[in-house]
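Here is how the chains run, residue by residue.
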Amino acid sequence: MRMSVSSRKEYLEKMHERYCKTGSQSAKTAMIDEVVNVLGYHRKHAIRVLNGMLPGRRPSVKRRRQVKYLESLPAIQLVWEALDYPCAERPHPVLAKTAQILASH
C-alpha cells in the first residue's frame, strides 16, 4: 500500500527534524534505513531528502532579451517586413544590404 503525497510529505518533515537533531552516525543510518523501507526510496535520495534538500518545484527563471540587439531591432523589423516575414535564416545574409537600400529610399 502506498502513502498519499500529503502523508509522505508530513512523514519526511518529521524525519528531517529528527535527523537534524541526531548527532550519532549510527542513529542517522538507522533513520535512513527506515525511510528506505517505509517509502521505497533509493538510499541516496533518502539521504538528500533528510539533509534538507526536499523535492519541490524550482522557481522558474525568466529570460530577458539580449540587450545588444535592442538598438537595431526597429531596423531589423523593418527589413523583415519588407522581405514579407521570412524565417530567420533567409534575411540574415541580405540584412545589411536591404537596410541600406531601404535607408536610401
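Within each chain, residue numbers correspond to sequence positions counted from 1 in written order. Since the coordinates come from a predicted model, pLDDT governs what is reported: local features require at least 70, and pairs of side-chain atoms require 80 or more to be given and counted, while whole-chain, interface and lining totals use all residues. With hydrogens and water stripped out, all remaining heavy atoms of the structure feed into the side-chain values.

A. Fine view of the overall build of the chain. Scanning the chain from N- to C-terminus turns up five helices and zero strands. The globule rule used here is 2.2 Å times the number of residues to the 0.38 power, and the radius of gyration it is set against is calculated over C-alpha atoms. Scaling as 2.2 N^0.38, a compact globule of 105 residues should have a C-alpha radius of gyration of about 13 Å, whereas the chain reaches 29 Å, well beyond that. Three labels apply to residues, based on accessible area from a 1.4 Å probe with only protein chains included: buried if under 20% of the type maximum, exposed if over 50%, partly exposed otherwise in between. Out of the 105 residues in the chain, the part that is buried amounts to 16%. To be clear on the numbers: accessible area is Shrake-Rupley with a 1.4 Å probe, and residue cover counts the displayed protein chains and nothing else. When the accessible surface of the chain is summed, it comes to about 9200 Å², and 54% of that surface belongs to carbon and sulfur atoms. Measuring between centres, the 19 positive side-chain charges of the chain sit 5 Å from its 9 negative side-chain charges. Put simply, DSSP H or I for four residues or longer makes a helix, DSSP E for two residues or longer makes a strand, and each gets a number counted from the N terminus. When charges are counted, neither His nor the chain ends are considered; positive counts come from Lys and Arg and negative counts from Asp and Glu. By convention, the point assigned to a charge is CZ for Arg, NZ for Lys, CD for Glu and CG for Asp.

B. The packing of aromatic side chains, seen in detail. Two aromatic rings from Phe, Tyr or Trp, using only the six-membered ring of Trp, form a pair when their centres are within 6.5 Å; if the ring planes differ by under 30 degrees the pair is stacked, by over 60 it is edge-to-face, and anything between is tilted. Per the stated rule, a full pass over the model turns up one aromatic pair. Centre to centre, the rings of Trp 80 and Tyr 85 are 4.8 Å apart; their planes meet at 85°, and the pair counts as edge-to-face. According to the relative accessible area criterion, Trp 80 is partly exposed, its value standing at 39%. Note on Tyr 85: relative accessible area 47%, which makes it partly exposed.

C. Structural detail: the confidence of the model for the chain. pLDDT is a residue-level measure of predictor confidence that goes from 0 to 100. When pLDDT is averaged across the chain, the result is 84; 90% of the residues are at 70 or more. Confidence, read as mean pLDDT per element, is least for helix α5 (residues 95–104) in the chain (82) and greatest for helix α2 (residues 25–39) (94).

D. Expanded view of the packing of helix α1 (residues 5–21) against α2. At their nearest, the axes of α1 and α2 sit 11 Å apart, and the two run at 170° to each other. Judged by the inter-axis angle, α1 sits roughly antiparallel to α2. Two secondary-structure elements touch here, α1 through Arg 8, Tyr 11, Leu 12, Met 15, Arg 18 and Tyr 19 and α2 through Lys 28, Met 31, Ile 32, Glu 34, Val 35, Val 38 and Leu 39. Partitioning the contact of α1 with α2 into residue classes produces nine nonpolar, no polar and four charged. Interaxial angles span 0 to 180 degrees and are taken between N-to-C directions of axes, which are lines fitted to C-alpha atoms, for helices over the stretch in contact. Small angles under 35 degrees read as roughly parallel and large ones over 145 as roughly antiparallel, with 65 to 115 read as roughly perpendicular and the rest as oblique. Working rule for contacts: check all heavy atoms of both residues, and any pair within 4.5 Å makes them a contact. Residue polarity follows a fixed list, in which Ala, Val, Leu, Ile, Met, Phe, Trp, Tyr, Cys and Pro are nonpolar, Asp, Glu, Lys and Arg are charged, and the others, Gly among them, are polar.

E. Inspection of the packing of α2 against helix α3 (residues 43–50) at higher detail. It is at 9 Å that the axes of α2 and α3 come closest, and there the two elements cross at 115°. Handedness of the α2/α3 crossing: right-handed. Contacts between α2 and α3 involve Thr 29, Met 31, Ile 32, Asp 33, Val 35 and Val 36 from the first element and Arg 43, Ala 46, Ile 47 and Leu 50 from the second. Along the lines of polarity and charge, the residues of the contact of α2 with α3 split into seven nonpolar, one polar and two charged. By convention the crossing between two helices is left-handed if the near helix lies anticlockwise of the far one by an angle smaller than a right angle, and right-handed if it lies clockwise.

F. Quick peek at the pattern of salt bridges. Salt bridges are defined by distance alone: a side-chain nitrogen of Lys or Arg within 4 Å of a carboxyl oxygen of Asp or Glu. Going through the model one piece at a time under the given rule, you end up with one salt bridge. As a salt-bridge pair, Arg 43 and Asp 33 come within 2.6 Å of each other at their nearest N and O atoms. Of this pair, Arg 43 sits in helix α3 while Asp 33 is found in helix α2, placing the two residues ten residues apart along the sequence. Overall, Asp 33 belongs to the partly exposed group, its relative accessible area being 34%.

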